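Coordinate analysis (summary)
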Amino acid sequence: MTTKKINHIGIAVKNIETATPFYRDVLGMNFEGTEEVAEQQVRVAFFQVGESRIELLEPTSPDSPVAKFLEKNGEGIHHIAYEVDDLEAALADLQAKEVRLIDKTPRKGAHGASIAFVHPKASGGVLTELCHGSKH
Ligand code: CMX
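Cut-offs and rules
- Residues numbered from 1 in each chain as written.
- Predicted model: local features only at pLDDT ≥ 70, side-chain atom pairs only at ≥ 80, totals over all residues.
- Heavy atoms only, no water.
- Helix = DSSP H or I, 4+ residues; strand = E, 2+ residues; numbered from the N terminus.
- Rg over C-alpha atoms; globule rule 2.2 N^0.38 Å.
- Buried < 20%, exposed > 50% of the residue type's maximum accessible area, 1.4 Å probe, protein only.
- Contact = heavy atoms within 4.5 Å.
- Lys, Arg positive; Asp, Glu negative; His and termini not counted.
- Charge placed at Lys NZ, Arg CZ, Asp CG, Glu CD.
- Phe/Tyr/Trp six-rings, centres within 6.5 Å; stacked < 30°, edge-to-face > 60°.
- Patch = residues over 30% accessible without salt bridge, like charges linked within 9 Å, V, L, I, M, F, W, Y side chains within 5 Å.
- Areas by Shrake-Rupley, 256 points an atom, 1.4 Å probe, with all protein chains shown as cover.
- Salt bridge = Lys/Arg side-chain N within 4 Å of Asp/Glu carboxyl O.
- Near = heavy atom within 4 Å.
- Polar contact = N/O pair within 3.5 Å; in protein donor to acceptor, adjacent residues only side chain to side chain.
- Nonpolar A, V, L, I, M, F, W, Y, C, P; charged D, E, K, R; others polar.

**Description of the overall build of the chain**
Along the backbone of the chain there are three helices and eight strands. Going from the N terminus to the C terminus, the chain shows its helices and strands as β-α-β-β-β-α-β-α-β-β-β. Computed over C-alpha atoms, the radius of gyration of the chain comes to 15 Å, within 12% of the 14 Å expected from 2.2 N^0.38 for 136 residues, which places it in the range of a compact globule. Counting over 136 residues, the chain shows a buried share of 44%. The contacts in the chain between residues at least 6 apart in sequence include a share of 55% that link residues at least 24 apart. Within the chain, one finds 15 positive and 20 negative side-chain charges whose respective centroids are separated by 3 Å.

The following block contains the structure:
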């Protein structure tokens, strides 16, 4: 498989509105808006940085995986998302290489993208997302 670029870096925050001014007003990034990914119990906000993005993740319920992450680690980097040409082929390739996956088949992410997570135990403790087809 080949990775095309870093699509986005996900940062877990308690509150998107509180975190937004730093990225939008201090760092001067273009704020692209928010979206709820109900299936994963998160609300996300995107900020453009060249051809990549910062994605702020706010939990929408106490059972959200991001709420659990915040409880355990506090606010901070949650995942790195790499864009691939063909997500199904990338997942097949990783399985053939016996890389531990969280998602063996793609699921729906923000901006209409198909996404899949590699298990952090297989990637040095960094949650790794592969994505394809984002509207960006
Ligand atoms: N960074 C590092 N380690 C993490 C982690 C993270 N962000 N999230 C979970 N882990 C660890 C857990 O601590 C756990 O470790 P142990 O086995 O040692 O306890 C292990 O990974 C498995 O975690 P889990 O929560 O038990 O596993 P699940 O399969 O239930 O869920 C995951 C895994 C990553 C999908 C979920 O925790 C999560 O973060 N979901 C939200 C995903 C998200 O960001 N969605 C929005 C995406 C929008 C987009 O980008 O398009």
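**Overview of the packing of aromatic side chains**
Evaluated as defined, the whole model comprises three aromatic pairs. Relative to Phe47, the ring of Tyr23 has its centre 5.7 Å away and its plane inclined at 40°; by these criteria the two rings are tilted. Here the residue Tyr23 occupies a position in helix 1 (residues 16-26), and Phe47 occupies one in strand 3 (residues 42-49), the gap between them amounting to 24 residues. Each member of the pair, Tyr23 as well as Phe47, is classed as buried. With 5.2 Å between their ring centres and 40° between their planes, Phe31 and Phe47 make a pair best called tilted. One end of the pair, Phe31, is in strand 2 (residues 30-37); the other, Phe47, is in strand 3, with 16 residues separating them in the sequence.

**Section: a nonpolar patch on the surface**
Together, Phe22, Val26 and Leu27 make up a nonpolar patch on the protein surface, roughly 300 Å² of accessible area in all. By secondary structure assignment, the location of Leu27 is in the loop between helix 1 and strand 2. Assessed through its relative accessible area of 45%, Leu27 is described here as partly exposed.

**Quick notes on the site of the ligand**
Residues in contact with the ligand amount to 21 residues; listed here are only the nearest, Gln40, Lys72, His78, Ala110 and Lys121. Measuring from an oxygen atom of the ligand, one finds a side-chain N or O atom of Lys121 at 2.7 Å. Burial of the ligand by the protein amounts to 68% of the accessible area it has alone, namely 970 Å². When contributions to the shell around the ligand are tallied by element, the ones reaching two or more residues are strand 4 (52-59), helix 2 (65-73) and strand 5 (76-84). Taken together, the residues that form the shell around the ligand break down as nine nonpolar, seven polar and five charged.

**Considerations on the pattern of salt bridges**
Within the structure shown, the criterion is met by nine salt bridges. Residue Glu83 is joined to Lys4 by a salt bridge in which the shortest nitrogen-to-oxygen separation is 3.7 Å. Placement of the pair is Glu83 in strand 5 and Lys4 in strand 1 (residues 3-12), with a sequence separation of 79 residues. Exposure remark for Glu83: the relative accessible area of 16% places this residue in the buried category. Assessed through its relative accessible area of 48%, Lys4 is described here as partly exposed. A salt bridge links Asp85 to Lys4; the shortest N-O distance between them is 3.4 Å. One end of the pair, Asp85, is in the loop between strand 5 and helix 3 (87-96); the other, Lys4, is in strand 1, with 81 residues separating them in the sequence.

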